[in-house]
Amino acid sequence: MRFRALYFWLAVSLEVLVVLGFGGVKELVLRNSQTIVLTTVPVDPRDLFRGDYVALRYEFSSVRCNKPTGATVYVPLWRRGDVWVATSPRIGGGEQPMLWDSMSAADGLPRALQPDAILKGKVTVGAPQAYEAACQIRFGIESYFVPEGQGRELERARNGQLRVTIAVDGFGNAIVRNVSIAPS
Amino acid sequence: MAATTGGTSPEFRQQLQSEVEAWRRDRLITSKAARGILARYGLSLSGWDVSAATRARLAVLFGTLGGLLVGLGTVLFVASNWEGLPHFAKLALLVGAVLLANSIGFVLSRKNHPRIGASVIFAAGLVYAASVFLTGQEYNVSVTDSILLLLCTIGLLPMAYAVTSRPLLIAGLVGLIGWYGMLIDTWGAWRGPHALLPIAFLGWSVVFISVGDAENRPAFRRMGDLTRILGLELLSFVIFLLGFTEFWRSAGEAAGYQPAVNFIYSVAALVVLAVVAAAVACWRRAWARPALAQASGLLLALAVASAIILIHPLGSAEEYALAFNALALLLVLGGLFLGVTGGRESLINASLILFGAVVFARYFDFLGTLFDRSLVFVGAGLLLLVGGFVLESSRRRLLVHARRREVSHAV
């Protein structure tokens, strides 16, 4: 192995910058975000190299749509008591969460119907554009890492007993802050 | 052979000894030739001999295994999910671990412990990769998010070249392929018409082979060789898989799905990148005939495979499998020819491996239903033994011929 000290330390600096930059971008989202609470039901696999983590799904993780795979979509959320939900009786859209192509879709709504938060997601299983089908959407908030051994307690919670606190910034980017068992 | 010391200065003899050691390390000359050359000038191998080379290899092996264990242990240690520390403190600890590991490797490399230093720097690369994943864990980023592997690759590949570390290069290139695989998963590529997938990974193989060939700087020759070998193995693997009827049947079943636009763009971009990389490789090799022949062969194989996949000229899954088996044999013949004429061991080895794999797979495809299972396995075992003997004998003959040509090219 041959190397020059200059190139070596440049490469080390790049590694440090990548780690700090990655953490810094996520920290920016946390610091420039509002906090909202969602309900979900978990499935808890075990990842050998990363401890216990909880897989999370939401009411808007699967939505009937005609969006292609890979499309970026936005889900508006309205506050209902202590939690935020994807269906708003104020709009009269029924029980189906809405999917928007951009955040500016909210601009056309009356003030009283404006959503309280908007989540950005990506369609991972889409549908042919000619007709609607059940689309799977990921928002980057489908995993929560718990201290080793605590996953079982969360796994036992079912039927909306889990509450997920997430931070959402002005662009729809979200990070999970905390997962807890809802008070009964 | 009489020693010749008269008329040669001590400086010449000292430089000769270090040069002969370097030629032997780079396999330009054999051990026997090295001893003969040194003996001619009254020099002995007191500073270097076979046992020293063995100790050096053991040191590298132990160091690399130790580095792997340290890296994995770091991941497991931090994966216990600390509680109570703020984000910044955890980030600082991770960055500190990266700096500390690299600093130790740097000091060892500079203090006459280059091999252990290299192993520690490899472990530092694993610590860096673990830091990326653990930073993601800190912010609950899913382990399947492709950004994690991309960030690992961005850090590992420059470090691999900065210290000419082949283990780090392997980690970086595997991370690059893994990143692409995860990225296209978000576009549904593995669920949809996966007939497009071979074009993408054939493109990657041509890029790797071409980048390896383009690397003609002496200090990075081994890095280029390794990149080329990885590209050849990826090419062989993809072509081998395309020779299976089952692949084409399942591709046919998924033919009704429309691939995501982003996936199509990425495949097109890879094809363009492959063409550009092949052209750069030819330019770096001064448009020499062997380089042009190899680049042409690779691009032609990519074009033929893409045409078969996209145009659907054939009728049944069996016909597609047969076409790609024929392409595999053409690649084997082309690889052997270029390997022997160009003195490229890696081409010869990759071609023989592909040939052996295709013959083995087709043997079971064709005869599995006609013989009793026990007779098939006995026959297969005998065939493997005979085949292995024939392959090794022909490989040695081909390699001897290739090395002769490589030495004559060097002269």
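A short tour of the structure in this document, coming up. All figures in this text were calculated on a predicted structure; none of them were measured in a lab. (Residues numbered from 1 in each chain as written. Chains lettered and ligands numbered in written order. Predicted model: local features only at pLDDT ≥ 70, side-chain atom pairs only at ≥ 80, totals over all residues. Heavy atoms only, no water.)

### Describing the overall build of chain A
Phase 1 of the analysis: For chain A, the count of helices and strands is two helices and eleven strands.
Phase 2 of the analysis: Secondary structure elements in chain A, listed N-terminal to C-terminal, are α-β-β-β-β-β-β-β-β-β-α-β-β.
Phase 3 of the analysis: Expressed as a percentage of the 184 residues in chain A, the buried residues total 47%.
Phase 4 of the analysis: Contacts in chain A between residues at least 24 apart in sequence constitute 66% of all its contacts with a sequence separation of at least 6.
Phase 5 of the analysis: Only carbon and sulfur atoms are counted for the fraction: they give 52% of the accessible area of chain A, which is about 9,300 Å². (Helix = DSSP H or I, 4+ residues; strand = E, 2+ residues; numbered from the N terminus. Buried < 20%, exposed > 50% of the residue type's maximum accessible area, 1.4 Å probe, protein only. Contact = heavy atoms within 4.5 Å. Areas by Shrake-Rupley, 256 points an atom, 1.4 Å probe, with all protein chains shown as cover.)

### Examining the packing of helix 7 (residues 166-186) of chain B against helix 8 (residues 196-214) of chain B
Residue and element names in this part refer to chain B.
Phase 1 of the analysis: With their axes 12 Å apart at the nearest point, helix 7 and helix 8 run at an angle of 160° to one another. Taken together, helix 7 and helix 8 sit at an angle that is classed as roughly antiparallel. Handedness of the crossing formed by helix 7 with helix 8: right-handed. Residues Leu-173, Leu-176, Ile-177, Tyr-180 and Ile-184 of helix 7 form the contact with helix 8, whose participating residues are Leu-197, Ala-200, Phe-201, Trp-204 and Phe-208.
Phase 2 of the analysis: Of the residues contributing to the contact of helix 7 with helix 8, the split by class is ten nonpolar, no polar and no charged. (Axes fitted to C-alpha atoms, helices over the stretch in contact; angles between N-to-C directions. Parallel < 35°, antiparallel > 145°, perpendicular 65-115°, else oblique. Left-handed = near helix turned anticlockwise from the far one by under 90°. Nonpolar A, V, L, I, M, F, W, Y, C, P; charged D, E, K, R; others polar.)

### Regarding the layout of surface pockets
Phase 1 of the analysis: The volume enclosed by the second largest pocket comes to roughly 890 Å³.
Phase 2 of the analysis: Along its surface, the second largest pocket is lined by 33 residues, and Lys122(A), Arg138(A), Phe139(A), Gly140(A) and Asp145(B) are the ones closest to its centre.
Phase 3 of the analysis: Contributing elements (two or more residues each) for the lining of the second largest pocket: helix 1 (5-31), strand 7 (117-125) and strand 11 (174-181) of chain A together with helix 6 (146-162) and helix 7 of chain B.
Phase 4 of the analysis: Across the lining of the second largest pocket, the residue classes tally to 13 nonpolar, twelve polar and eight charged. (1 Å grid on protein atoms, 1.4 Å probe; cavity = no way out; pocket = protein on both sides within 12 Å on 5 of 7 lines; lining within 4 Å. Points joined across faces, edges and corners; volume = space filled by probe spheres on them.)

### As for the nonpolar core
Phase 1 of the analysis: In this structure, Tyr180(B), Phe201(B), Trp204(B), Trp248(B) and Phe263(B) are the most contacted members of the largest nonpolar core, which totals 100 residues.
Phase 2 of the analysis: Sequence-distant contacts of Tyr180(B), that is, excluding residues within four places in its chain, are made with Ala200(B), Phe201(B), Trp204(B), Phe263(B), Ser266(B), Val267(B) and Leu270(B).
Phase 3 of the analysis: If you look at the next biggest cluster of nonpolar residues, it comprises 36 residues, including Leu99(A), Ile137(A), Val146(A) and Ala174(A). (Core = buried A, V, L, I, M, F, W, Y, C linked by side-chain atoms within 4.5 Å.)

### Section: helix 4 (residues 87-110) of chain B
Residue and element names in this part refer to chain B.
Phase 1 of the analysis: End to end, helix 4 covers 35 Å across 24 residues, agreeing with the expected 34 Å (1.5 Å per residue, within 8%).
Phase 2 of the analysis: Inspection of helix 4 places Lys-90, Leu-91, Leu-94, Val-95, Val-98, Ala-101, Asn-102, Gly-105, Phe-106 and Ser-109 among the buried residues, and these make up the whole buried set.
Phase 3 of the analysis: Within two residues after helix 4, Asn-112 carries a phi angle of roughly 60°, on the positive side. (Expected span 1.5 Å × (residues − 1).)

### Concerning the interface of chain A and chain B
Phase 1 of the analysis: Contacts between the two partners involve 43 residues from chain A and, on the opposite side, 50 residues from chain B.
Phase 2 of the analysis: Here chain A and chain B share an interface that buries about 4,200 Å² over both sides, 68% of which is from carbon and sulfur atoms.
Phase 3 of the analysis: The tally of links from chain A across to chain B stands at zero salt bridges.
Phase 4 of the analysis: For the interface between chain A and chain B, the tally reads five residue pairs in polar contact (both at pLDDT 80 or more).
Phase 5 of the analysis: The set of elements that each furnish at least two residues to the side of chain A that touches chain B consists of helix 1, strand 3 (51-57), strand 7, strand 9 (143-146) and strand 11 of chain A.
Phase 6 of the analysis: In terms of residue count, helix 1 of chain A provides more of the side of chain A that touches chain B than any other element does, 18 residues in total. (Buried area = accessible area lost by both parts, 1.4 Å probe. Salt bridge = Lys/Arg side-chain N within 4 Å of Asp/Glu carboxyl O. Polar contact = N/O pair within 3.5 Å; in protein donor to acceptor, adjacent residues only side chain to side chain.)

### Re the pattern of salt bridges
Phase 1 of the analysis: The full count for this structure, using the stated rule, is eight salt bridges over all chains.
Phase 2 of the analysis: Between Arg163(A) and Asp82(A) there is a salt bridge whose closest N-O contact spans 3.9 Å. Here Arg163(A) is found in strand 10 (residues 162-169), whereas its partner Asp82(A) is found in the loop between strand 5 (72-80) and strand 6 (83-85), with 81 residues between them in sequence.
Phase 3 of the analysis: Since its relative accessible area comes to 25%, Arg163(A) is described here as partly exposed.
Phase 4 of the analysis: Arg221(B) is the partner of Asp225(B) in a salt bridge, and the nearest nitrogen-oxygen pair spans 3.8 Å. Of this pair, Asp225(B) and Arg221(B) both sit in helix 9 (residues 221-242), separated by four residues, roughly a single helical turn.
Phase 5 of the analysis: Of the residues examined, Arg221(B) reaches a relative accessible area of 34% and is grouped as partly exposed.
Phase 6 of the analysis: Salt bridges linked by common partners bring Asp213(B), Arg221(B), Asp225(B) and Arg228(B) together as one network.

### A short note on the side chain of Ser61(A)
Residue and element names in this part refer to chain A.
Phase 1 of the analysis: Note on placement: Ser-61 falls in the loop between strand 3 and strand 4 (62-65).
Phase 2 of the analysis: Note on Ser-61: relative accessible area 3%, which makes it buried.
Phase 3 of the analysis: Not counting residues up to four positions away in its chain, the partners in contact with Ser-61 are Cys-135, Gln-136 and Ile-137.

### Considering the sheet that holds strand 8 (residues 133-138) of chain A
All names here are of chain A.
Phase 1 of the analysis: Strand order across the open sheet formed by five strands is 4-8-7-5-6, with antiparallel pairing between neighbours. Because the sheet does not close on itself, it has two edges, and the strands there are strand 4 and strand 6. Pairs of neighbouring strands in the sheet enclose a mean axial angle of 50°, with direction left out of account.
Phase 2 of the analysis: For strand 5 and strand 6, the ladder comprises three bridges, and the chain directions are antiparallel. What sits directly across from Trp-78, in strand 6, is Val-85. (Pairing = 2+ DSSP bridges.)

### Digging into the packing of aromatic side chains
Phase 1 of the analysis: The tally for this structure, following the rule as stated, stands at 15 aromatic pairs over all chains.
Phase 2 of the analysis: Centroid distance Tyr58(A) to Phe60(A): 5.4 Å. Interplanar angle 5°. Geometry classified as stacked. As far as the burial class goes, Tyr58(A) and Phe60(A) line up, both buried.
Phase 3 of the analysis: An angle of 40° between the planes, with centres 6.0 Å apart, marks the rings of Trp190(B) and Phe201(B) as tilted. Here the residue Trp190(B) occupies a position in the loop between helix 7 and helix 8, and Phe201(B) occupies one in helix 8, the gap between them amounting to eleven residues.
Phase 4 of the analysis: Pairwise contacts between aromatic rings join Tyr180(B), Trp190(B), Phe201(B), Trp204(B) and Phe208(B) into one cluster. (Phe/Tyr/Trp six-rings, centres within 6.5 Å; stacked < 30°, edge-to-face > 60°.)

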